[in-house]
Amino acid sequence: MKIMPTVSPRLIEPCTAILQVAADFARTAAIKEDADAVLFSAKSFAAAMLAYYISLQLDLPKPFWAIVTVYIVSQTSAGASFSRGVYRFVGTLVGAIATIAIVPNFVNDPIVCCVILAGWIGRCLFLSLLDRTPRAYAFVLAGYTTSLIGFPSVLDPGAVFETASLRVQEISIGIICAVLIHRYVLPKPMSGQFTGKLSATLLDARGIAGLALTGTAKANRNDRHQLAADLLMLRGLATHLPYDPGSVTPRRETLQLIHARLARLLPLTTEIEDRVRFLRIGHGDTADGLTALIDDVGAWIAAAGTGDGERAARLIARARSLQAHLGTDAATPADRVGANLAGHLAEMIGLIHDCDQLDQNMITGSNSPQAEWLYGPAPAKGYVYHRDPWMAARAALGAVVAILSGCAFWIWSAWPEGGTAVSILGVCCTLFGNFDAPVPFVVKYIVGSIWGVLISLVYSFAILPQVTNFAVLVAVLAPAFLFAGSLQARAPTTFMALGITLTIPILSGLGSNYTGDFATFLDTVIALFAAVGFGAVSMSIFQTVPLDVAINRLLLHSRQDVGRRALGGAPNEARWTSLMIDRTALLLPRLRAAGRAPANVLDDTLCLLRIGHVAGRLRKLVPQVQGEAGVAIGGLLSAIATCFSVRRPTTPAELADLDQRIATLMAMMAASSLKSRLRIIDLLIDLRFALGFGGMVQEDDPAHDR
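Residues numbered from 1 in each chain as written. Predicted model: local features only at pLDDT ≥ 70, side-chain atom pairs only at ≥ 80, totals over all residues. Heavy atoms only, no water.

Peer 1: Quick one: what's the story with the overall build of the chain, residue by residue and with numbers?
Peer 2: On a plain count of helices and strands, the chain comes out with 26 helices and zero strands. In the chain, which comprises 706 residues, the proportion classed as buried is 51%. Here the analysis covers contacts within the chain between residues at least 6 apart in sequence; of these, 79% occur between residues at least 24 apart. Summed over all atoms, the accessible surface of the chain reaches about 30400 Å², with 63% contributed by carbon and sulfur. (Helix = DSSP H or I, 4+ residues; strand = E, 2+ residues; numbered from the N terminus. Buried < 20%, exposed > 50% of the residue type's maximum accessible area, 1.4 Å probe, protein only. Contact = heavy atoms within 4.5 Å. Areas by Shrake-Rupley, 256 points an atom, 1.4 Å probe, with all protein chains shown as cover.)

Peer 1: Please provide a residue-by-residue account of a nonpolar patch on the surface, values included.
Peer 2: On the surface, a cluster of nonpolar side chains totalling about 590 Å² of accessible area is made up of L39, I176, L180, Y184, V185 and L186. For the nonpolar patch, the leading source of residues is helix α7 (residues 160-184), giving three residues. Mapping L180 onto the fold places it in helix α7. (Patch = residues over 30% accessible without salt bridge, like charges linked within 9 Å, V, L, I, M, F, W, Y side chains within 5 Å. Salt bridge = Lys/Arg side-chain N within 4 Å of Asp/Glu carboxyl O.)

Peer 1: Explain the packing of helix α3 (residues 64-73) against helix α4 (residues 78-102) to me, and be specific about the residues and the numbers.
Peer 2: Relative orientation of the contacting elements α3 and α4 amounts to 130 degrees, with a least axis distance of 9 Å. As the angle between them shows, α3 and α4 are arranged oblique. Two secondary-structure elements touch here, α3 through T69, I72 and V73 and α4 through S81, R84, G85 and R88. Split by residue class, the contact of α3 with α4 holds two nonpolar, three polar and two charged. (Axes fitted to C-alpha atoms, helices over the stretch in contact; angles between N-to-C directions. Parallel < 35°, antiparallel > 145°, perpendicular 65-115°, else oblique. Nonpolar A, V, L, I, M, F, W, Y, C, P; charged D, E, K, R; others polar.)

Peer 1: Could you give an account of helix α25 (residues 652-670), with specific residues and numbers?
Peer 2: Spacing of three or four residues puts side chains on the same side of an α-helix, whose turn is 3.6 residues. For α25, spanning 19 residues, the distance from its first C-alpha to its last is 27 Å, which sits close to the expected 27 Å at 1.5 Å a residue. Burial in α25 covers these residues: E654, L655, L658, I662, L665, M666 and M669. Taken down its axis, α25 places every buried residue within 110 degrees of arc, on the same side. The exposed residues of α25 that point more than 90 degrees off its buried face are P652, A653 and Q660. (Expected span 1.5 Å × (residues − 1). Arc of directions from axis to C-beta.)

Peer 1: Explain a positive patch on the surface to me, using residue names and the numbers behind them.
Peer 2: Residues R135, R252, R387 and R575 make up a contiguous surface patch of positive charge. With respect to the helices and strands, the residue R252 is situated in helix α10 (residues 252-282). Judged by relative accessible area, which is 65%, R252 ranks as exposed. (Lys, Arg positive; Asp, Glu negative; His and termini not counted. Charge placed at Lys NZ, Arg CZ, Asp CG, Glu CD.)

Peer 1: Break down the pattern of salt bridges for me, citing the residues and quoting the values.
Peer 2: Counting across every chain of the model gives 23 salt bridges. Among the salt bridges present, the one from D274 reaches R610, with a minimum N-O distance of 2.9 Å. With D274 in helix α10 and R610 in helix α23 (residues 598-621), this residue pair connects regions lying 336 residues apart in the sequence. Each of the salt bridges in this network shares a partner with another, and the network as a whole consists of R224, R264, E271, E273, D274, R277, E347 and R610.

Peer 1: Residues and numbers for the packing of aromatic side chains, please.
Peer 2: What the rule picks out here adds up to 18 aromatic pairs. By the ring-pair criterion, three or more aromatic residues cluster together here, those being F432, F435, F441, Y445 and F495. Taking NZ or CZ as reference, R84 lies 3.9 Å from the ring centre of Y137, over its face. For the cation-ring pair, R275 lies above F689, with the distance from its terminal atom to the ring centre recorded as 4.5 Å. (Phe/Tyr/Trp six-rings, centres within 6.5 Å; stacked < 30°, edge-to-face > 60°. Lys NZ or Arg CZ within 6 Å of the ring centre and 35° of its normal.)

Peer 1: Requested: an account of the nonpolar core, with residues and values cited.
Peer 2: Membership of the largest hydrophobic core comes to 98 residues, with the highest contact counts inside it found for M348 and I640. Among the elements that make up this core, the one with the highest residue count is helix α13 (residues 333-364) (14 residues). Setting aside anything within four residues of it in sequence, one finds M348 in contact with A209, L213, L265, L268, T269, I272, V297 and I301. Counting 89 residues, the second largest nonpolar core, distinct from the first, contains I67, Y87, A421 and F481. (Core = buried A, V, L, I, M, F, W, Y, C linked by side-chain atoms within 4.5 Å.)

Peer 1: Talk me through unusual backbone geometry; I want residue IDs and the actual numbers.
Peer 2: At D59, a residue that is not glycine, the phi angle is positive and equals roughly 60 degrees. Its location among the elements puts D59 in the loop between α2 (29-57) and α3. Taking relative accessible area as the criterion, D59 reaches 59% and is therefore assigned exposed. One non-glycine residue, A414, adopts positive backbone phi at about 55 degrees.

Peer 1: Describe the side chain of D354, naming the residues involved and giving the relevant values.
Peer 2: Mapped onto the elements, D354 comes out in helix α13. Classification of D354 as buried rests on a relative accessible area of 0%. A polar contact of 3.2 Å, which involves the side chain of D354, links it to the side chain of H353. (Polar contact = N/O pair within 3.5 Å; in protein donor to acceptor, adjacent residues only side chain to side chain.)

Peer 1: An account of the packing of helix α11 (residues 288-302) against helix α12 (residues 309-328) is needed here, citing residue identities and associated values.
Peer 2: Where α11 meets α12, the closest approach of the two axes is 11 Å, and the angle between their N-to-C directions is 155 degrees. Classified by the angle between their axes, α11 and α12 sit roughly antiparallel to one another. Both α11 and α12 take part in a crossing whose hand is left-handed. When α11 is examined against α12, the residues G289, L290, A292, L293, D296, V297, A299 and W300 are found in contact with a partner set consisting of R311, A312, L315, R318, A319 and L322. (Left-handed = near helix turned anticlockwise from the far one by under 90°.)

Peer 1: Can you explain the confidence of the model for the chain? Please cite residues and give values.
Peer 2: Mean pLDDT over the chain works out to 84, with 88% of the residues at or above the 70 mark. Residue range residues 1-12 is modelled with pLDDT below 50. Its contacts to residues more than four positions away, or to other chains, number one contact. Within the model, pLDDT remains below 50 along residues 695-706, and this stretch shows 28 contacts once partners closer than five positions in the same chain are excluded. (pLDDT = per-residue confidence, 0-100.)

Peer 1: Can you lay out helix α26 (residues 677-691) for me, pointing to particular residues and giving the numbers?
Peer 2: Under the 1.5 Å per step criterion, the end-to-end length of α26 is 21 Å for 15 residues, consistent within 8% with the ideal 21 Å. Across the 15 residues of α26, 13 count as buried, placing the element largely inside the fold. One or two positions beyond α26, positive phi appears at G692, with a value near 100 degrees.

Peer 1: Any details on the environment of S413? Residues and values, ideally.
Peer 2: Mapped onto the secondary structure, S413 falls in helix α14 (residues 389-413). One polar contact links the side chain of S413 to the main-chain carbonyl oxygen of F409, over a distance of 2.7 Å.

Peer 1: Any details on the environment of T163? Residues and values, ideally.
Peer 2: Mapped onto the secondary structure, T163 falls in helix α7. For T163, a relative accessible area of 22% translates into the label partly exposed. Distance in space between the C-alpha atoms of T163 and S153 is 8.4 Å, their sequence separation being 10 residues.

Peer 1: Let's hear about the environment of L602: which residues, and what values?
Peer 2: Among the secondary structure elements, L602 is positioned in helix α23. Among all residues touching L602, those that are not within four sequence positions of it are H225, T584, L587, L588 and L591.

Right, here's the structure in full:
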């Protein structure tokens, strides 16, 4: 008989506790980040060695470009790696074709050839800065591929076609290997990250809406600002979803609808918060029906994820009924504000319900009919990016000036490695040109390159001469690349890691045969650091935008667009709201980096959003209002356009004039028989609150220049 061992119960509980602690520890964010970084590094190294092996078998002259491509293309998610690979291939192909078209046609005039190459690179950078989506990477690649192939070929134009053809082949192999490994070997789908972020954002939006019902501004302010940044992050993630291996990919229209609703919810919560604070602090005689409605809406919001469409529809019906009752029989300012608040509550309920419904549709893969959406068939415009052609042109011109300065030194000094140095300079100007202040990132890259040079020195002249076969080569390369790859997976050290992973293959001369030559090694190192160092200097002069300048330009564009909206420009409301949300998201990191208190500036941006929203709606009503009222509305909108089209803050006298015009119009509408009079009064109340009137600004709140 076999005796089974027994375990004392006294040992079971401690062991169970230890295992539970270990499991909890393994699930912590830090451990998960480390595990993801190690997995990313291992997969990237496997893809790099596969690409290197294939390039060797095809007898390509510079197989190290395949390794470099793998590390440039590789991203932490499968979808992002695939999309980046597609953009890189398109950009590389376009850049190679452009180089073949430019260099041979100017074979007899190297100076003109350099000018045209620099102009092409600057144009590619300009287009990438205007695009502002992950697709911009294709423009970046089209620029720096031309730089890598074109400048070294200026003095040897006869070989440009062969060079371009071989480079496209080497890069294509690297792209294919990176995409295949990251997509099919333990893939990390983007869809899970996106849906998780979206669910968290929706939960935060419910929290913001719930706090708005209490009228507590300070508790809600930072959450609103973060919601704007989250919308930008969600848009970036959504770009890669079509390339994701996940089984369920959200439809583009669904993504656009949910973004439009969340974008509208952001300023709407501010409007509701202002009115609740006005009624509860300034006027204690809030209607009982309105108080009960606010409490019931708060209870509904707190029941997150219920998906109770019937309850939401009943709340909306109550809010609309109360709005009509208070608006029609309004005898006091509190009644008019109460009617206005009831209308906004109905809108908020519809927005939140539709967001939950759309989120559920994305999870299940179903398409809900529009009849189930309580907010209504709002146009699906999706995310709208702020674009500044002047700033993009400034950065592009700075890159052109830097490249031409490098070319001038190369031609003047007749430096043999000048073509290589200028090609690296062109890569730096395009790769780092999308940052306001690129120099800190270039410095990180230089630090990584220094480590890459030291490691390459050891490999080239101590280790690689002893290697006799491919398996041993993989084994000796693994420590350096695995360590650098794990650094590349972490945002703070990405550029430093790229300095290592892009330097080792080139300087170590990872070709079909060992060709260790210290003179060539030294010349390449000098060209590398001369180019990157000069690039850092030139970018600090020509391509760096001071934070205050970037912040003030964003605010200026917002103010001027308010004036355009008042005059009838930019009539699409969904587009206007999304554009202002994007500007808010752009302001947040810049304000933090500048050390300025972000709350006041971002609050002003949301106020400009609200003012422009109301001005656009009033402008649409002007053709429907005849006589003195129509003239008064037109005069108000013209005054708004005058106040917000200038570069300076609005003066107290201008604000007082606007307040007087609004008060006159409200009195005129109250005595009018126009069908749209209640709608106009509602919009005028919205305008007063957005401008800071209406008594909702408390003494402890900071006063802002609108």
